[in-house]
Amino acid sequence: EQLTSVPRVSVDMDGYAGMRVWDGVSTASSPTFTTGFSANPAAIALEIITNPAWGMGAVYPFSAVGVETLQSLFDWWAYCDGAVAKNGGGTRKRFACNLVVDEARDGIDWLRAVCGTGECTPATVGNQWRFIVDRPTNTDVERFDDSTISVDASGVPEITWTRELATGGLVRDNRLIAQFE
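So, a few notes on the structure that sits alongside this text.

Cut-off values and rules
Residues numbered from 1 in each chain as written. Predicted model: local features only at pLDDT ≥ 70, side-chain atom pairs only at ≥ 80, totals over all residues. Heavy atoms only, no water. Helix = DSSP H or I, 4+ residues; strand = E, 2+ residues; numbered from the N terminus. Buried < 20%, exposed > 50% of the residue type's maximum accessible area, 1.4 Å probe, protein only. Core = buried A, V, L, I, M, F, W, Y, C linked by side-chain atoms within 4.5 Å. Contact = heavy atoms within 4.5 Å. Phe/Tyr/Trp six-rings, centres within 6.5 Å; stacked < 30°, edge-to-face > 60°. Lys NZ or Arg CZ within 6 Å of the ring centre and 35° of its normal.

### Some thoughts on unusual backbone geometry
The residue Glu119 is not glycine, and still its phi comes out positive at about 50°. Mapped onto the secondary structure, Glu119 falls in the loop between α3 (107-117) and β5 (120-125). Of the residues examined, Glu119 reaches a relative accessible area of 29% and is grouped as partly exposed.

Here it is as structure tokens:
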């Protein structure tokens, strides 16, 4: 047969098979990793930082990752893997990140995008990384108010919301902005 148009190819992939996957129990001072696939945003962040071929490993090699960085990462990793209830019953992991790298971006941009999927902000202290997790401090919501959806110049929707907590706090976009007595 002769092709008359460009064929469309579709592939399902599990991801990067050489990713470091933490065992979930070892300590930051004596970590144990296997290699394989992971949708945990912390695992992907570790690879973005330390992979010398396609990450920032030329600047932040795995051998230079300190205990404080790993402890910060492992805390976030466990939080991402935490079980949360599904609406239809059962549980799922709190956060998963499945992405396609289809354009050239700076490593920090990819790192921020991945960290955002797990409600985390990456930061450096000297030449070490810290992962600051945005854990909810109070889920006792009294009412939602002032929700808006806007679209920025690039066409990306942005959702802004405010909620009032029964305990007297005001939260905007998951951050406490005021506390009332």
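The discussion continues.
### Digging into the nonpolar core
Judged by nonpolar contacts, the single largest core of 30 residues is most densely connected at Ile48, Leu73, Trp76, Trp77, Leu111, Cys115 and Phe131. Elements with a contribution of two residues or more to this core: β1 (19-22), α1 (41-50), α2 (67-81), α3 and β6 (128-133). Aside from chain neighbours lying at most four places away, what touches Leu73 is Ala42, Leu46 and Phe131.

### Overview of the packing of aromatic side chains
Applying the stated criterion to the full structure yields 8 aromatic pairs. Ring centres of Phe33 and Phe62 lie 5.6 Å apart, and the angle between their planes is 80°; this geometry places the pair in the edge-to-face category. Of this pair, Phe33 sits in strand β2 (residues 33-36) while Phe62 sits in the loop between α1 and α2, and the two are 29 residues apart along the sequence. For the ring pair Tyr60 and Trp129, a centre distance of 5.3 Å and an interplane angle of 65° mean the geometry is edge-to-face. Highlighted residues: Tyr60 in the loop between α1 and α2 and Trp129 in strand β6, separated in sequence by 69 residues. Members of the aromatic cluster, connected to one another through ring pairs, are Trp22, Phe33, Phe62, Phe74 and Trp77. In this arrangement the basic side chain of Arg20 is found over the ring face of Phe62, its NZ or CZ atom lying 4.0 Å from the centre.

Keep in mind that these numbers describe shape and distance, not what the molecule does.
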